[in-house]
Amino acid sequence: MESVTEQNIKLTSKDFSSDQEVKWCPGCGDYSILKQAQTIFPDINVPKENLVFISGIGCSSRFTYYMDTFGMHSIHGRAAAIASGVKAANPELSVWIVSGDGDSFSIGGNHLIHSLRKNFNFNYLVFNNQIYSLTKGQYSPTSEKSKITKSTPYGSIEDPFNPPELALGANAAFVSRTIDRDPKHMQMVLRRANDFKGTSFVEIYQNCPVFNDGAFFIFTEKETKKEEALFLEQGKPLIFGQNDEKGIMITDSFTCKIVNYKEEGIAPENLWIHDEKNKTKAFLLSQFVNMEQNGEMFPRPFGILYAVERPVYEESLISQINAIQAKKGKMTLDRILSGDKTWVIA
Amino acid sequence: MNSGVDFTENASVSEELESVVVRFSGDSGDGMQLTGMQFTDTAALLGNDLSTFPDYPSEIRAPIGTVAGVSGFQVHFGSKEIYTPGDSFDVLVAMNAAALKVDLPKLKRGGIIIANISGFDRKNLGLAKYPEGADPLNDGSLDNYVVHKIDISKHTKDCLIDSGLGTKEIERSKNMFVLGLLFWMFDKPLEHTIEFIESKFAKKPEIAKANIKTLNAGYNYCESTEIFINRFKVSPAKLPAGVYRNITGNHATAIGLIAASEKAELPLFLGSYPITPASDILHELSKYKANGVKTYQAEDEIAGICSAIGAAYVGNLAVTTTSGPGMALKTEAAGLATMLEIPLVIINVQRGGPSTGLPTKTEQSDLLMAMHGRHGESPLVVLAATSPSDCFNVVYEACRIAIEHMTPVIFLSDGYIANGSEPWRFPSGDSLQKIKVSFLKSPNGDNGEILPYKRDEKLVRPWIIPGSKGMEHRIGGLEKENETGNVSYNHHNHELMVNLRAEKINKIADYIPLAKPDTGNEKAKLLVLGWGSTYGTIKTAVREAIKEGYDVAHIHLKYINPFPKNLGELLNCYDKVLIPEMNKGQLLQLIRAKYMIDAKGFSKVQGLPFTTIEIKEKIAEMLS
Ligand SMILES: Cc1ncc(C[n+]2csc(CCOP(=O)(O)OP(=O)(O)O)c2C)c(N)n1
Ligand code: SF4
Ligand SMILES: [Mg+2]
């Protein structure tokens, strides 16, 4: 008979909820993200004590305080830099970065691109509400052009970043997008991010009802969702539309077109079949934000745009250390202190 | 030759000297640093005490032959104790006209010049901006010196004519000819340098052969031509018995960190972004992969310190290295580390500032930045090393304090001691004090809660690392409630926490040595109070002044925050206090503010260390 050890006791989402009062505004999209995270953690196969949340500064970054795991609420934009040190020092830990669009794409931009390039095995969540919320509503690097905010009363004059494009450009190994109001989808993406070995970049559209309400409603409201959102599934055709009647194809010249495949008699298997291992396709998907056809915008892709594993930083680091250790052997402290050349004074 | 030997009047062969300063000076591409270092190594191995001063331009290759491109290496070696690289030189090797122009002012009257004739042709004289028609080697302007004009380039060429090497490679070997000359002149063997060449060029035997041949040629040239009438001998110094090695400050810093990591039994992590003159610490530590040392070249200095904070958070001995401009970038994260109360060693190898300033020159101008350069009330520990080998002791102490007191510690070094070298009677691993580490593995609250900010008698909080079962908790940059560490905006709590953080740092004074005079008595008319790299110069000056009858003493600070407990009391034992610094009076401000004494400052901000004479004259002036 096996005795019941602590290991055997199954944790529930409650076990991941800290004793701190959650202080986001009512209706904030961050609640849903917190809930989905707490929902998946009991069964992602990571011992609770090995979970570490590192966040920057912003409404989003308060997340850390609400998870009953190890966590550090750090400084604005630097979560990825801190997480890099955590991972390099202890590769065993499951590290989750929580950041906002300002935190990651403005002040923390340098750390974002380099962590994606170096490919640590951590998860990088950006809560994108297209606004600086904690500082009460200035435009952010993902705010749409012409946006009127406190700091841009006459409209912003900058083009925004396109996060998946930025991530792919930085050689991210895993690029995904999900949204606060689709719990199941978010859980799926978070699980995939967790399972993926390498930096898993997850852009989460998050509604800020106070400073940028409704920024993503077209992707969540019944009337528009099916026309505007495209949910990617590996090996499945790109299909959307009120009655799933529309599909997307890639022409020979690598342009994309929307077809009414049912009317046009195109077999679904002849549409663009999603392949998350294809970087060219992933890049095209990232461009849908700005693509239109006869005045109709392309739908916004959600799901895993790209996922191809490649060597992760901390493993390369450890294997280099092991190889050199095997070849040279550890040097004794006395040997290090004496160096190669010594002399004796009697 | 500090005794003032004049070579012009000296014709005896193999004369014994107490100490000599040689300055190797040439174009950046002439290999003067390597030549100087080889000469130094041999002198050290033969038991001379010594001190070196590499002095190079910030441009990697400034235009050839110009004054801007002159690279110098100064070595002061002797049979007595040596604490400085010397105020002026006895021997100047000038590979070209620009080198002579830059360094002649510091050659002692009657000193020896070894000039490479081919570096003094019309073109080189022009590049060095000598006036049209000037010819210093032949126009009598050097009559007060002993000038040896040697066509080093030509001799090197002749020697390597059959070597099969290209003109460029042959030209590059000429520094070995110089080294051969100097070895003959000071009666030193070639074997150490030959060994060095053989191992350095193990994969390029033809280059090794050429270098050795040129080295021998230089040596033999003296033997056969009798160009030098004098040959000198500098006997081994009477240093304390023991085993010695030669070491630079940056190297000592690197191995001090390794030693601390071994004695704390913690893995060593360095997060760093390259910057002169700190990069050599990153380079050196990167060689110790076999010992599990992790060096992380980050995307910028902010990521350098942040990655170190991450590594400290998970239980490593974490370090970040930089110089002034990088230090500025690290300030916000240093504040986070202060708030988190985690161990972290922040190394600032100071250079001339502000901004890019004088990247390759030395200064002590970041002291107040180290003390105060964070927002909010954010005290941390500040230590400073006094000499190249002392970097080992002080960085070791920095690690000990960081770990045992859960605090960031700023370790200050500077370009002068970072690149300078001296013989070091290194300790054995066993003799190093153990560093106590304890991770909290079970709840510390009376009711089984985890209290990450509950303090011990030193006011130190526990180190709780991720991976410890049942110890999950959150920390962060927001003000925390006493003991629980939960976010708190309560105003009384904030004041309490600000006071606790400050008191914790002040309490460290109970765990560091008291201040005492390094030279002189605990009572005197004048105290010279220094900190950091001015140690050797002040010590030499004060010793000489005492010998000359001045009532003066020297105290040198390694612990700047907190100060040693008895410092205030001790300062009151002197009628006057003089504080020489390579800045505009930063320690001076701290001392005056804290102890309200009328200390006088003496500042030098030329990117150069003080000379002994400057300090001595100031002592005399203060006591007249
Ligand atoms: C160094 C620094 N600069 C500025 C700030 C002020 N600040 C805090 S959060 C923030 C922007 C937050 O926007 P975002 O990252 O999108 O997070 P959100 O609040 O929208 O979740 C700013 C500018 C800061 N805390 N630190
Ligand atoms: S301001 Fe916006 S983002 Fe911040 S908590 Fe409120 S609703 Fe959420
Ligand atoms: Mg935002």
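For clarity, every value in this text was computed on a predicted model and none was experimentally measured. (Residues numbered from 1 in each chain as written. Chains lettered and ligands numbered in written order. Predicted model: local features only at pLDDT ≥ 70, side-chain atom pairs only at ≥ 80, totals over all residues.)

## Topic: the overall build of chain A
- The helix and strand tally for chain A stands at 12 helices and 14 strands.
- Split into buried and exposed, the 346 residues of chain A put 46% on the buried side.
- Considering only intrachain contacts with a sequence separation of at least 6, the fraction spanning at least 24 residues in chain A is 67%. (Helix = DSSP H or I, 4+ residues; strand = E, 2+ residues; numbered from the N terminus. Buried ≥ 20, exposed ≤ 12 C-beta atoms within 10 Å, placed from the backbone. Contact = placed C-beta atoms within 7 Å.)

## Topic: unusual backbone geometry
- The omega angle of the peptide bond from threonine 276 of chain B to proline 277 of chain B is 0°, so this bond is cis rather than trans.
- Summarising the element assignment, proline 277 of chain B is placed in the loop between strand 10 (268-272) and helix 10 (279-285).
- Residue glycine 353 of chain B is joined to proline 354 of chain B through a cis peptide bond whose omega torsion reads 0°.
- Within the element layout of this structure, proline 354 of chain B appears in the loop between strand 13 (344-350) and helix 13 (367-372).
- If you check the backbone angles, asparagine 119 of chain A has positive phi at about 60° while not being a glycine.
- Along the chain, the position of asparagine 119 of chain A falls in the loop between helix 5 (109-118) and strand 4 (123-128).
- Overall, asparagine 119 of chain A belongs to the buried group, with 22 C-beta atoms counted inside 10 Å.
- A positive phi angle is found at phenylalanine 254 of chain A, which is not glycine, with a value near 60°.
- According to the C-beta neighbour criterion, phenylalanine 254 of chain A is exposed, with 10 such atoms within 10 Å.

## Some words on the site of ligand 2
- Neighbouring ligand 2 are the residues Trp24, Cys25, Cys28, Asp30, Cys59, Asn129, Ser133, Cys208, Pro209, Val210 and Phe211 of chain A.
- Tallied by class, residues from the shell around ligand 2 come to 8 nonpolar, 2 polar and 1 charged. (Near = placed C-beta within 6 Å. Nonpolar A, V, L, I, M, F, W, Y, C, P; charged D, E, K, R; others polar.)

## Points about the confidence of the model for chain B
- Confidence in the prediction of chain B, expressed as mean pLDDT, is 95, and 98% of residues score 70 or more.
- Within the model, the stretch residues 8-12 of chain B combines pLDDT values under 50 with 6 contacts to residues more than four positions away or in other chains. (pLDDT = per-residue confidence, 0-100.)

## Observations regarding the nonpolar core
- Ile97 of chain A together with Phe269, Ile309, Leu383, Cys399, Val409 and Phe411 of chain B are the most contacted members of the largest nonpolar core, which totals 199 residues.
- Filtering out sequence-adjacent residues up to four positions away, valine 409 of chain B remains in contact with Val345, Ile346, Leu380, Val381, Leu383, Ala398, Ile401 and Ala402 of chain B.
- Judged by nonpolar contacts, the second largest core, of 50 residues, contains Val22, Ala43, Leu50 and Leu125 of chain B. (Core = buried A, V, L, I, M, F, W, Y, C linked by C-beta atoms within 7 Å.)

## Here we look at the interface of chain B and chain A
- Counting from both sides, the interface comprises 57 residues of chain B and, opposite them, 52 residues of chain A.
- If you list the elements that add at least two residues to the side of chain B that touches chain A, you get helix 1 (32-45), strand 9 (242-248), helix 9 (249-264), strand 10, strand 11 (294-297), helix 11 (301-313), helix 12 (324-340) and strand 17 (474-476) of chain B.
- Split into classes, the residues belonging to the side of chain B that touches chain A amount to 31 nonpolar, 15 polar and 11 charged.
- Strand direction decides the pairing type here: strand 14 (residues 343-345) of chain A and strand 9 of chain B, joined by 3 bridges, are antiparallel. By the bridge assignment, isoleucine 345 of chain A is partnered in strand 9 of chain B with glycine 242 of chain B. (Pairing = 2+ DSSP bridges.)

## Some points on the pairing of strand 18 (residues 524-531) of chain B
All names here are of chain B.
- Judged by how many residues are buried, strand 18 sits mostly within the fold: 7 of 8 residues are covered.
- Sheet topology note: the strand 18/strand 21 (residues 574-581) ladder contains 4 bridges and is parallel. Note that in strand 21 the partner of valine 528 across the bridge is leucine 578.
- Here strand 18 pairs with strand 19 (residues 552-557) via 6 bridges, running parallel. When the sheet's bridge partners are listed, valine 528 is paired in strand 19 with histidine 554.
- Each parallel crossover has a hand, and the one from strand 18 via helix 17 (residues 535-547) to strand 19 is right-handed. (Right-handed = clockwise from strand over helix to strand, strands pointing away.)

## Re the site of ligand 1
Residues and elements named next belong to chain A.
- Taken together, 17 residues form the shell around ligand 1, and within it Gly58, Ser60, Gly100, Gly102 and Asp103 come nearest.
- Residue contributions to the shell around ligand 1 peak at 3 residues, all from helix 4 (residues 101-107).
- Within the shell around ligand 1, the residues separate by chemical class into 6 nonpolar, 9 polar and 2 charged.

## Some details on helix 3 (residues 79-89) of chain A
- With 11 of 11 residues buried, helix 3 of chain A lies mostly within the body of the structure.
- Those residues of helix 3 of chain A not exposed but buried are Ala79, Ala80, Ala81, Ile82, Ala83, Ser84, Gly85, Val86, Lys87, Ala88 and Ala89 of chain A.

## With respect to helix 6 (residues 174-185) of chain B
- The first and last C-alpha atoms of helix 6 of chain B sit 17 Å apart over 12 residues, in line with the 16 Å expected at 1.5 Å per residue.
- Along helix 6 of chain B, the residues classified as buried are Lys174, Asn175, Met176, Phe177, Val178, Leu179, Gly180, Leu181, Leu182, Phe183 and Met185 of chain B. (Expected span 1.5 Å × (residues − 1).)

## Focus: the sheet that holds strand 18 of chain B
Residues and elements named next belong to chain B.
- Ordered by their spatial adjacency, 4 strands build an open sheet running 19-18-21-22, and the pairing between neighbours is parallel. Each end of this open sheet is capped by a strand with a single partner; those strands are strand 19 and strand 22 (600-603). Across this sheet, the average inter-strand angle for adjacent strands is 25°, counted without regard to direction.
- Sheet strands touched by helix 17: strand 18, strand 19 and strand 21. Its angle to strand 19, the strand with the most contacts, is close to 165°.
- Sheet strands touched by helix 19 (residues 586-595): strand 18, strand 21 and strand 22. Its angle to strand 21, the strand with the most contacts, is close to 145°. (Axes fitted to C-alpha atoms, helices over the stretch in contact; angles between N-to-C directions.)

## Brief notes about the packing of helix 7 (residues 191-200) of chain B against helix 8 (residues 205-225) of chain B
All names here are of chain B.
- Direction vectors running N to C along helix 7 and helix 8 enclose 165°, while the axes themselves pass 9 Å from each other. By the angle between their axes, helix 7 is roughly antiparallel relative to helix 8. Of the two elements, helix 7 crosses helix 8, and the hand of that crossing is right-handed. Where helix 7 abuts helix 8, its residues Thr193, Ile194, Ile197 and Glu198 lie against Ala208, Asn211, Ile212 and Leu215.
- Grouping the amino acids of the contact of helix 7 with helix 8 by side-chain chemistry returns 5 nonpolar, 2 polar and 1 charged. (Parallel < 35°, antiparallel > 145°, perpendicular 65-115°, else oblique. Left-handed = near helix turned anticlockwise from the far one by under 90°.)

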